[in-house]
Amino acid sequence: MTDIKFAAIGINHPHIYGQVDCLKEAGGQFVAFHAVEDDLAAEFAAKYPEAKRVADPRAILEDAAVSVVLTSAIPADRAAISIAAMQHGKDVLTDKPGMTTFAQLDEIKRVQKETGRIYGVLYSEHFEVRATVEAGNLIGQGAIGKVINTVGLGPHSLRLNNRPDWFFERSRYGGILCDIASHQFEQFLFFSNAMDAEVVSATVANRAHPEKPGLQDVGDAHVRTADTSGYIRVDWFTPKGLPTWGDGRLTILGTEGYIELRKYIDIAGKPGTDHLFLVNHEGPRHIDCSQVERPFGRQFLDDVRNRTETAMPQERCFNAMKLALTAQQLAERGTEWAR
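Residues numbered from 1 in each chain as written. Predicted model: local features only at pLDDT ≥ 70, side-chain atom pairs only at ≥ 80, totals over all residues. Heavy atoms only, no water.

Draft legend 1. Main features of the overall build of the protein. Helix and strand counts for the protein come out as eleven helices and 14 strands. For the protein, whose C-alpha radius of gyration is 19 Å, the value lies close to the compact-globule estimate of 20 Å for 339 residues. Looking at the protein as a whole, 57% of its 339 residues are labelled buried. If you sum the accessible surface of the protein, you get close to 14,500 Å²; carbon and sulfur atoms cover 51% of it. Side-chain charges of the protein comprise 37 positive and 45 negative groups, with the mean position of each set lying 1 Å from the other. (Helix = DSSP H or I, 4+ residues; strand = E, 2+ residues; numbered from the N terminus. Rg over C-alpha atoms; globule rule 2.2 N^0.38 Å. Buried < 20%, exposed > 50% of the residue type's maximum accessible area, 1.4 Å probe, protein only. Areas by Shrake-Rupley, 256 points an atom, 1.4 Å probe, with all protein chains shown as cover. Lys, Arg positive; Asp, Glu negative; His and termini not counted. Charge placed at Lys NZ, Arg CZ, Asp CG, Glu CD.)

Set out below in structure tokens:
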């Protein structure tokens, strides 16, 4: 069905390509985009010639035919774009992090409640990774019993020469736990079957890049609910010899077994991506998840049509970012970034 038209405002992070593809594959029609940067716009327009580039975002916001606005703008700018979209009657699907401050989160929550619009964050390490989706399917079927602990690792490749200036400015990217660890906080809530959690401890540091004082190149956090606990580590230390951008992993411990995801590479030698290892009473086995359906786009567009919350509960969406912001704040106490 192509009854839902969507547009993009702000394309600064390449995740915008995944956002567009997610909704296009689900039947959405991509009609327009706004980008200030000519170089980014040229590459983007070449990939999506069906979408018209507009000079003013108001051309999108005031177009009654556009139902959904995507944004992957500079992280500090995403909240204002999302708020404007909701105030113009649009549903929102933003890249993570959806915001960089508690004030932005509070305002987004206020406007979402006031307008009744859908505010979604496309946590790609969950919703675009088939192995993560299949882990949820297996746990729902009881494959490892009740989940009691998760360990989420999100290493990324820094590629210093390919990053824009804003990437190294703490006030613009939001800090490493707010930014890339938001993926892991959302997954912890999802696999804990919880809407909220507590941040027990958190740290951030710049261990090896003194020439970029705004960069945090490593961060970690401990989290818990009444029934589960979790550890999260994110970093910018992917070695140059790894043939992908990061060896992202997730281990989920249950009362009757455990699952390990090797999302983007199996360094033990199995080819491809989306590797799931399951160990339970039946023994250990490897599951190739490369053909697993990713339902998020379909569910999100159904939510737009039906005003439901099947893709992701609104409360969990907000609280994943609340946890990321809380961990970031806790980690920065007494550091140069807190000043």
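Draft legend 2. Here's a closer look at the sheet that holds strand S11 (residues 249-254). In space, the eight strands of this open sheet follow the order S8-S9-S10-S7-S11-S12-S13-S14, with mixed pairing throughout. Of all the strands in the sheet, just strand S8 (198-205) and strand S14 (283-288) have a single pairing partner and so form its edges. When strand polarity is set aside, the average angle formed by the axes of neighbouring strands in this sheet is 10°. The pairing of strand S7 (residues 147-155) with S11 spans six bridges and is antiparallel. Counterpart to Val-147 in the pairing with S11 is Gly-254. In this fold helix H7 (residues 130-140) packs onto S7, S11, strand S12 (257-262), strand S13 (275-280) and S14, with an angle of close to 165° to the strand it touches most, S12. (Pairing = 2+ DSSP bridges. Axes fitted to C-alpha atoms, helices over the stretch in contact; angles between N-to-C directions. Contact = heavy atoms within 4.5 Å.)

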